[in-house]
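Here is what each chain is made of, one letter per residue.
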Amino acid sequence: SQLPTWENVISQYGDHPILYGLETCQTYRATTAPADRMIGPAGMFNTGTNLFFQLMNQNCYIPEAAQSTTHEEKRRNGVRFQPPWGKHNPPATHRYKNVAKVFGVGINQTAFFPVVMIKDPYGWMGSECRHNYQTWWEHDYTDDGNGCPNLVNKRVLERVEPVEAMVHFPLEWVYYESLIDVWNKWYEEYEEQTFPMLHTRFEDLLFHGEEVTKLACDCVGGVFARKFQYIEGSAKENGMPIHEGANGLVNAMVQYGNPRNRLNGMTDRDRRYASESLNGELMSKFGYSAPPLPT
């Protein structure tokens, strides 16, 4: 009874998944030997990268990966936890310049095919409030969700003063106008890249997981599971999966399927600033829309 209605899901995300970059799959397969092919997630913190990895790891394998001399995974399937430059790192400043400490050493960065995960910025800000990782900005987070995301300085009333955010990436600290600016700039940078990759939404993993995973698997010449396995538990606990019932999947569906949860903790000034500052092209491209402004 807690699960969202399909009407609520459609009202926020449409009735079909969104994937961009399928036209680059043939180029990748034509330029990368089957034994050298690797696929895995990239994305800002809290965008479903672990979930994508687990879904692919359970449901897809590249047969030639078992004999690869250029990479090796626990399952020898060509599905990797992250790009060798780091899944949360901006590509222009980190691809070919950074080697991720976890599963990055010795991996051919050109041969890696990333699937870039994006999340509705309103839901993403709520996730950042609960667990900010390497993103820092002034905010207070309480159990009822108040005090966050704190996009606009509450102590300045005569003008709109965004609350500055900063992110610690491996090679640099980057300062942003606000948490909204983090989301904008991170995804704008990936949009500017021309190497083969896919882009899809976190929400599509929740509501169209099998279809999205199969398309990604087919893209790199993989073999898809005959019976799709969902990740019913949390996709991350100390970076590793747990499979203890359906609470992870159900809770995520409840959280992101209910449109009222998008505005948790936001003041009227936060809502106006977000609506005015979010990159409209990115929002439209990925099927997101800003909630109605307060009257």
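Residues numbered from 1 in each chain as written. Predicted model: local features only at pLDDT ≥ 70, side-chain atom pairs only at ≥ 80, totals over all residues. Heavy atoms only, no water.

Q: Got a sec to walk through the state of the cysteines? Specific residues and values, please.
A: Summed over the entire model, instances satisfying the criterion amount to 3 disulfides. In this model Cys25 forms its disulfide with Cys219; the gap between the sulfur atoms is 2.0 Å. Every disulfide takes its handedness from the sign of the S-S torsion; for Cys25 and Cys219 that torsion is -100°, giving left-handed. Here the residue Cys25 occupies a position in helix 2 (residues 25-31), and Cys219 occupies one in helix 8 (residues 209-219), the gap between them amounting to 194 residues. A single burial state applies to Cys25 and to Cys219, both of which are buried. (Disulfide = S-S within 2.5 Å. Helix = DSSP H or I, 4+ residues; strand = E, 2+ residues; numbered from the N terminus. Buried < 20%, exposed > 50% of the residue type's maximum accessible area, 1.4 Å probe, protein only.)

Q: Tell me about a nonpolar patch on the surface, residues and numbers included.
A: Taken together, the side chains of Trp136, Trp173 and Tyr175 define a hydrophobic patch exposed on the protein surface, amounting to about 360 Å² of accessible area. Given a relative accessible area of 40%, Trp173 falls into the partly exposed group. (Patch = residues over 30% accessible without salt bridge, like charges linked within 9 Å, V, L, I, M, F, W, Y side chains within 5 Å. Areas by Shrake-Rupley, 256 points an atom, 1.4 Å probe, with all protein chains shown as cover. Salt bridge = Lys/Arg side-chain N within 4 Å of Asp/Glu carboxyl O.)

Q: For the pairing of strand 2 (residues 38-43), give the residues involved together with the corresponding values.
A: Burial analysis of strand 2 places 6 of its 6 residues in the buried class, the great majority of the element. Of the pairings in the sheet, the one linking strand 2 to strand 4 (residues 112-118) comprises 6 bridges and is parallel in character. Each residue of the ladder has a partner; that of Ala42, found in strand 4, is Val116. (Pairing = 2+ DSSP bridges.)

Q: Talk me through unusual backbone geometry; I want residue IDs and the actual numbers.
A: The step from Cys148 to Pro149 runs through a cis peptide bond, and the omega angle for that step is 25°. Take Pro149: it is sitting in the loop between strand 5 (135-137) and strand 6 (165-169). You will see that Asn46, though not glycine, has its phi angle at about 65°, which is positive. Looking at the element boundaries, Asn46 is found in the loop between strand 2 and helix 3 (49-59). A positive phi angle is found at Arg76, which is not glycine, with a value near 50°.

Q: Describe in detail the nonpolar core, supporting the description with residues and values.
A: In terms of nonpolar packing, the biggest core is built from 78 residues, with Met44, Leu151 and Trp183 touching the most fellow members. Sort the elements by how many residues they give to this core and helix 6 (residues 179-191) lands first, with 7 residues. When residues no more than four places from it in sequence are discounted, the contact partners of Leu151 are Met125, Glu161, Pro162, Val163, Leu179, Ile180, Met266, Asp270, Tyr273 and Ala274. (Core = buried A, V, L, I, M, F, W, Y, C linked by side-chain atoms within 4.5 Å. Contact = heavy atoms within 4.5 Å.)

Q: Provide a residue-level description of helix 3, including the pertinent values.
A: By the criterion of burial, helix 3 is predominantly enclosed, with 11 of the 11 residues buried. Of all the positions in helix 3, only Thr49, Asn50, Leu51, Phe52, Phe53, Gln54, Leu55, Met56, Asn57, Gln58 and Asn59 are classed as buried. On its buried side, helix 3 packs onto strand 2, strand 3 (60-61), strand 4, helix 7 (202-207), helix 8 and strand 9 (223-224).

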